[in-house]
Amino acid sequence: MKEDNTQSLPEEVLKTDAGQVPAKKPKFVKTEKTPVEPFDPEALIEVQHLTKSFGALTVLDDISEKIKPGEKVAVIGPSGSGKSTFLRCLNMLEDPTDGYVFFEGNNLCDLRVDINVQRRRMGMVFQQFNLFNNMNVLKNVTLAPVHIALQDLRKNKRRNFFTKVGNLFRGFEKKKPLIPIETSAKEIREDAAANAMRLLERIGLADKANVYPSTLSGGQRQRIAIVRALAMNPKVMLFDEPTSALDPEMVGEVLELIKELADEGMTMVIVTHEMGFAREVATRVMFMDGGKIVEQGPPEAIFGAPQNERLRDFLSKVL
Ligand SMILES: Nc1ncnc2c1ncn2[C@@H]1O[C@H](COP(=O)(O)OP(=O)(O)O)[C@@H](O)[C@H]1O
Ligand SMILES: [Mg+2]
């Protein structure tokens, strides 16, 4: 099985799917403005003084925020307010200009932290599905997990090789133990396929395992994109307007799946224009405007008693 026919895909897809290309290390320079404060061990994600500029344009303006395990955070706000950029900074698809992002206590802006390893545990779903159109559904779902597991297998075999060579020169008492290798490449592929089929069955698309994404509806494609992210066993799911590119009759099936995940306890951050959904599913709603989180709170407060003028104005247009 060749893993290298993904070259023509957008970089963000490759990056998100767990290390298909080694991500470039963030060119992040610590400044005096952003001392590293101790992170909150109870937060799954914590951002400190997160700032992102494109040239002279400041898109995220000194945001500090925590997301706890199990929270379902809906991010709302006008177009251009920085919602996508915020989400993309959480898993380093964008390098912050300033500030820090911690995920499970790891500082993702620290050059010593392997961003590819961290990113595996953050599932990302985009507006445009971003499935690999040159692979069937099953391959789409198994690609990243198989790639990672094979990488680990090769790494362990390589280590064992060097341990064995070293052991030739060590006295009997001093020989180092080998890393136990319990799976073969074949088993890895079989396990990944079985897991993928289980996930596809769950969303009622097991019969589509061998077809190509282009033959599927938008709603089916997006549900498969979600399953693909789930196959990595993520700790958090990041959704960027997952239903915005769908025909209206398909929005429901995708929101239904996201709601199921929410009910099962998945931590999620979801940028959405579906206010009804945000109200029903979110445990916290963040309103962004001009690169800042202008107001946030439980959905009842945000939709029922908005305080900020701009939020009221926004809601009057979208509700
Ligand atoms: N790669 C980029 N280069 C330059 N400007 C960008 C880039 N990405 C986003 N922007 C700008 O940042 C602002 C916020 O964008 P975005 O985060 O996509 O907003 P939202 O998702 O809320 O609509 C916009 O003005 C957008 O034009
Ligand atoms: Mg956006």
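Predicted, not measured: the structure shown is a model, and the values here were computed from it.

1. Details of helix α4 (residues 137-168)
The first and last C-alpha atoms of α4 sit 47 Å apart over 32 residues, in line with the 46 Å expected at 1.5 Å per residue. Approximately 40° is the largest bend angle found in α4, and it occurs at Leu143, with the proline Pro145 only one to four residues beyond. Where α4 begins, the capping side chain belongs to Asn136, and its oxygen is found 3.2 Å from the backbone nitrogen of Leu138.

2. Focus on the environment of Ser81
Looking at where Ser81 falls in the secondary structure, it is placed in the loop between β3 (72-76) and α2 (83-90). Excluding anything up to four places from it in sequence, Ser81 contacts Val59, Met288, Asp289, Gly290 and Gly291. A polar side-chain atom of Ser81 sits 2.7 Å from the main-chain carbonyl oxygen of Pro78.

3. Examining the site of ligand 1
The full set of residues close to ligand 1 is Phe54, Leu57, Val59, Pro78, Ser79, Gly80, Ser81, Gly82, Lys83, Ser84 and Thr85. Ser81 has a polar backbone atom sitting 3.2 Å from an oxygen atom of ligand 1. A distance of 2.8 Å separates an oxygen atom of ligand 1 from a polar atom in the side chain of Ser84. Protein burial of ligand 1: of its 570 Å² of free accessible surface, 59% is covered by the chains. Among the secondary structure elements, those contributing two or more residues to the shell around ligand 1 are β2 (57-67) and α2. Among the elements that take part in the shell around ligand 1, α2 stands out by supplying three residues, more than any other. A class-by-class count of the residues in the shell around ligand 1 yields four nonpolar, six polar and one charged.

4. Focus on the pairing of strand β1 (residues 45-54)
In terms of residue burial, β1 counts as a mostly covered element, since eight of its ten residues are buried. Across seven bridges, β1 lies against β2 in antiparallel orientation. From the neighbouring strand, Leu50 faces β2, where its bridge partner is Ile63. The turn linking β1 back onto β2 is made up of two residues, and Gly55 within it adopts a positive phi angle of 60°. Here β1 pairs with strand β4 (residues 98-103) via five bridges, running antiparallel. Bridge pairing in β4 places Val47 opposite Val101.

5. Remarks on the packing of α4 against helix α5 (residues 185-202)
Interhelical geometry of α4 versus α5 gives an angle of 145° and a closest axis separation of 9 Å. Considering the relative orientation of α4 and α5, their crossing is right-handed. Taking contact as the criterion, the partners of Val137, Leu138, Val141, Thr142, Val146, Ala149, Leu150 and Leu153 in α4 are, on α5, Ala185, Ile188, Arg189, Ala192, Ala193, Ala196, Met197 and Leu200. Partitioned by chemical class, the residues of the contact of α4 with α5 number 14 nonpolar, one polar and one charged.

6. Describing the environment of Ala301
Along the chain, Ala301 turns up in helix α9 (residues 299-304). With relative accessibility at 34%, the residue Ala301 sits in the partly exposed group. As for Ala301 and Arg279, which are separated by 22 residues in sequence, their C-alpha atoms are 10.0 Å apart.

7. Quick notes on the side chain of Arg284
Residue position: Arg284 is located in strand β9 (residues 284-289). Within the structure, Arg284 has its side chain in polar contact with the side chain of Gln296 (distance 2.6 Å). In this structure, Arg284 is in contact with Glu65, Lys66, Ile67, Glu71, Lys72, Val73, Ala74, Gln296, Gly297 and Pro299, ignoring residues within four places of it in sequence.

8. Digging into the sheet that holds strand β5 (residues 106-107)
If you trace the four strands from one edge of the open sheet to the other, you get β2-β1-β4-β5, paired in antiparallel fashion. With one partner strand each, in any of the chains shown, β2 and β5 form the two edges of the open sheet. Contacts from α2 reach β1, β2 and β4 within the one sheet, and its direction differs from that of β1 by about 125°.

9. As for the nonpolar core
If you look at the biggest cluster of nonpolar residues, it comprises 48 residues, and the most contacted ones within it are Ile76, Ile224, Ile226, Met237, Phe239, Ile258 and Met268. If one sorts the elements of this core by residue count, helix α7 (residues 248-263) sits on top with eight residues. Apart from the residues within four sequence positions on either side, Ile224 is in contact with Leu131, Val137, Val141, Leu200, Ile203, Leu205 and Leu216.

10. Points about the sheet that holds strand β7 (residues 236-240)
Across the sheet, six strands lie side by side as β6-β7-β8-β3-β9-β10; this open sheet has mixed pairing. Edge positions in the sheet fall to β6 (122-125) and β10 (292-297), since each has one partner strand and no second. Averaged over all pairs of adjacent strands, the angle between their axes in this sheet comes to 20°, without regard to strand direction. Inspection of the sheet shows β3 paired to strand β8 (residues 267-271) by four bridges, in the parallel sense. What sits directly across from Ala74, in β8, is Ile270. This element, α7, spans β3, β7 and β8 of the sheet and lies at about 145° to β8. Running at roughly 100° to β9, helix α10 (residues 309-318) makes contact with β3, β9 and β10 of the sheet.

Reading the values: rules and limits
- Throughout, residues of each chain are indexed from 1 in the direction in which the sequence is written.
- All chains are assigned letters beginning at A, and all ligands numbers beginning at 1, according to the order in which they are written.
- For a predicted model such as this one, the threshold for reporting local features is a pLDDT of at least 70, and the threshold for listing and counting side-chain atom pairs is 80 or more; totals across whole chains, interfaces and linings nevertheless cover every residue.
- The side-chain figures draw on all heavy atoms in the structure; neither hydrogens nor water molecules are used.
- The numbering of helices and of strands both runs from the N terminus, where a helix is a DSSP run of H or I of at least 4 residues and a strand a run of E of at least 2.
- To estimate how far a helix should extend, the number of its residues minus one is multiplied by 1.5 Å.
- The term bend refers to the angle at a residue between two fitted axes, each drawn through seven residues, those ending there and those starting there.
- The definition of a polar contact used here is a pair of N or O atoms within 3.5 Å, where within protein one atom must be able to donate a hydrogen and the other to accept one, and adjacent residues in sequence count solely through side-chain atom pairs.
- The contact criterion used throughout is that any non-hydrogen atoms of two residues lie within 4.5 Å.
- Throughout, near means a residue has at least one heavy atom within 4 Å of the molecule or strand.
- Areas reported as accessible are Shrake-Rupley estimates using a 1.4 Å probe. Residue values count occlusion only from the protein chains shown.
- Each residue is assigned to one class: nonpolar for Ala, Val, Leu, Ile, Met, Phe, Trp, Tyr, Cys and Pro, charged for Asp, Glu, Lys and Arg, and polar for all the others, Gly among them.
- Note on exposure labels: buried denotes an accessible area under 20% of the residue type's maximum, exposed denotes more than 50%, and partly exposed covers the range between, all computed with a 1.4 Å probe on protein chains only.
- Strands pair, by our definition, only if DSSP identifies at least two bridges between them.
- Orientation is described by lines fitted to C-alpha atoms, with helices fitted over the stretch in contact, and by angles between N-to-C directions that extend from 0 to 180 degrees.
- Crossing handedness is defined as follows: a turn of the near helix away from the far one that is anticlockwise and smaller than a right angle gives a left-handed crossing, while the clockwise case is right-handed.
- Among the buried residues, those of types Ala, Val, Leu, Ile, Met, Phe, Trp, Tyr and Cys that are joined through side-chain atoms within 4.5 Å form a nonpolar core.

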